[in-house]
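# Structure assessment
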Amino acid sequence: MQNFNYSSLFLASDALLVGIIVGLVALVLGVVGGWVIKTLSFNKKQGDIKAVTEKMLEDARLESKTIKKEAILEAKEQEHKLRSDFERESREKRQELQRLENRLNQKEESLEKKEENLSKRNEETTRQQNTLKNKEAELDKKLADISDQHNKMIEEFEKISQMSKEEAKQQLIASITDEAKRDAAGMVKNIEAEAKEQGERKAKEIVSLAIQKCSAEQASEITVSVVPLPNDDMKARIIGREGRNIRTLENATGIELIIDDTPEVVIVSGFDPVRRETARIALEKLIQDGRIHPARIEETVEKVKKELDAQIKEAGEAAMFECGIFGLHPEIVKTLGRLKFRTSYGQNVLKHSLEVAHLAGVMANELGVDVALAKRAGLLHDLGKAVDFEIEGTHMQIGGDLAKKYRENHNVVNAILAHHGDVEPKTIEAVLVQAADAISGARPGARRETTTNYIKRLQKLEEISSSFKGVEKCYAIQAGREVRVMVKPEQINDAETLFLAKDIAKKIEQEMEYPGQIKVNVIREWRATEYAK
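It should be emphasised that the depicted structure is a prediction, and the values quoted were computed from it without experimental measurement. (Residues numbered from 1 in each chain as written. Predicted model: local features only at pLDDT ≥ 70, side-chain atom pairs only at ≥ 80, totals over all residues. Heavy atoms only, no water.)

## What about the pairing of strand β3 (residues 265-269)?
In terms of burial, β3 is a largely internal element, four of the five residues being buried. Examined bridge by bridge, strand β2 (residues 256-258) and β3 share three bridges and lie antiparallel to one another. What sits directly across from Leu 257, in β3, is Val 268. (Buried < 20%, exposed > 50% of the residue type's maximum accessible area, 1.4 Å probe, protein only. Helix = DSSP H or I, 4+ residues; strand = E, 2+ residues; numbered from the N terminus. Pairing = 2+ DSSP bridges.)

Pasting the structure below:
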């Protein structure tokens, strides 16, 4: 039983070994067979690739031949085209060169002809120069002969006239100068007469139109105000015990009260118009109230000052609105309102300023210039008169300084400074303000002048006229509106009378102040007297 098992085991192991060997042999045979099959397949593919490659090479050879042929054909066509273009351009260049050559030949022929003509002209010029030289020599000889003859004639004339050449020349120059002066004076007179006629006509039209459109009332206040009293007993109450009341009123207002023998009247006197008005109104209120004592006086004066300040501001604003002017500085408006209480030659300055503004505006409108500027300058031209008793200087300079201080237009400042001729006017509007100021002041009844000042003005007018050489007599007539000057006929001729009148008028303008204008009339009269015996 045990042997059987060993034999079976050996048989099984032999069978297993045989199976393994058979499997290995089968595996080797499979591997070898696969390799053989793969080798055969690769060789077949290699043969196909070789065939394809050969075919591709053949196709490439054929295509390269085709491309080569096409390139050769294209190169031949390009070569043919370039050759054609080159031949065409060469032909055109040859033609252009031929034309240039022809033109050069023509120019050369023209230059040769010009050279020939120039040579001929040079020869002709040389001949003419020689001829001119000969003629110049002949002329020099003739001039020398003429000069000799001229000198001989001058010597003969000097012997005959008993005058030297220089003396005769001076006499001739003097004669020509006198004749030219007479002619010039006549021409100037005619031109001035014509210009004056046209200018006066146009100026009269403009001024008359301006005056027709503007009519302002005139005040007649000066430096005193009169306060009526209900009775003479009121004077004692105004004076007060030991003069306390009147001293208090004078100290509070800065104005002098004059209480004299005039019945039922108290005079308020002072140069400051605002203070004078304050004192007048305060006194009237005290008289109406009846309570007159120092405390009441001071209270009333303070109240009146406030009321007047408001009135002054309202007056300035009313004047500004009446002229249609806006944008004035508040201080200028207040200063302008103070002119309501200021008079000049009996003329209310605020009303005068309004009148000047309207006149200047109307004339500016007629002339086509700046109406607003003319009105503004006209309204402010006498601004300095509101404070001229407080500040040193002329009212023109004070007004100009105030306008500058409050940044007014420089043309307005110039018009203020120039409205009396102290400064040269720079604009037409400034000249119109001058004219409007003269018109407003020169109208009949506009201003009053004291007898002393009037006489002094007439004397000054005659004194200026008499200061010129050749004046015999002079008379101021028509209330100083005209001066007649009689000249010595043996010293002043007709031509010189015109220049003398101008010189006198110019000196009057420089040295005198006067309203309107003054006519200077120079009279030359020659009388020949003989007696029959």
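## Here we look at helix α8 (residues 349-367)
Under the 1.5 Å per step criterion, the end-to-end length of α8 is 26 Å for 19 residues, consistent within 8% with the ideal 27 Å. Counting buried positions over the 19 residues of α8 gives 15, a clear majority of the element. At the N-terminal boundary of α8, the capping side chain belongs to Asn 348, with an oxygen 3.1 Å from the backbone nitrogen of Leu 350. Note on α8: the residue one or two positions beyond its end, Gly 368, has a positive phi of about 75°. (Expected span 1.5 Å × (residues − 1). Polar contact = N/O pair within 3.5 Å; in protein donor to acceptor, adjacent residues only side chain to side chain.)

## Some words on the nonpolar core
Counting residues in hydrophobic clusters, the biggest one holds 41 residues, and the most contacted among them are Leu 328, Leu 336, Leu 379 and Leu 380. Breaking this core down by element, the ones donating at least two residues are α6 (294-323), α7 (330-338), α8, α9 (371-380), α10 (395-405), α11 (410-418) and α12 (428-442). No other element matches α8, which puts nine residues into this core. With sequence-adjacent residues up to four places away left out, Leu 336 is seen in contact with Gly 316, Ala 319, Leu 350, Leu 379, Leu 380 and Leu 383. Core analysis: the next-biggest nonpolar cluster, separate from the first, contains 24 residues, Ile 246, Leu 249, Val 301 and Phe 341 among them. (Core = buried A, V, L, I, M, F, W, Y, C linked by side-chain atoms within 4.5 Å. Contact = heavy atoms within 4.5 Å.)

## Side note on the pairing of strand β7 (residues 482-487)
In the case of a regular strand, side chains alternate between the two sheet surfaces. Two strands pair when backbone bridges link them, and strand β6 (residues 471-477) and β7 are joined in this way by six bridges, in the antiparallel orientation. In the strand pairing of β7, Ile 477 is matched with Glu 482. Once β6 ends, the chain turns through four residues before running back antiparallel as β7, passing Gln 478 with a positive phi of about 55°. As defined by bridge partners, β7 adjoins strand β8 (residues 519-524) across six bridges and the pair is classed as parallel.

## With respect to the packing of α10 against α11
Relative orientation of the contacting elements α10 and α11 amounts to 170°, with a least axis distance of 8 Å. By the angle between their directions, the pair α10 and α11 is classed as roughly antiparallel. In contact with Met 396, Gln 397, Gly 399, Gly 400, Ala 403 and Lys 404 of α10, α11 contributes Val 413, Ile 416 and Leu 417. (Axes fitted to C-alpha atoms, helices over the stretch in contact; angles between N-to-C directions. Parallel < 35°, antiparallel > 145°, perpendicular 65-115°, else oblique.)

## Details of the packing of aromatic side chains
Under the counting rule described, the total for this entry stands at one aromatic pair. Relative to Phe 326, the ring of Phe 321 has its centre 5.9 Å away and its plane inclined at 45°; by these criteria the two rings are tilted. The lysine or arginine in question, Lys 507, covers the ring of Phe 468, its NZ or CZ lying 5.5 Å from the ring centre. (Phe/Tyr/Trp six-rings, centres within 6.5 Å; stacked < 30°, edge-to-face > 60°. Lys NZ or Arg CZ within 6 Å of the ring centre and 35° of its normal.)

## Let's talk about the side chain of Asn 245
Along the polypeptide, Asn 245 turns up in helix α4 (residues 244-253). Overall, the relative accessible area of 6% leaves Asn 245 in the buried class. In this view, Asn 245 contacts Arg 237, Ile 238, Ile 239, Gly 240, Ile 292, His 293, Pro 294 and Ile 297; residues no more than four positions away in its chain are not counted.

Geometric values such as these leave the question of function open.
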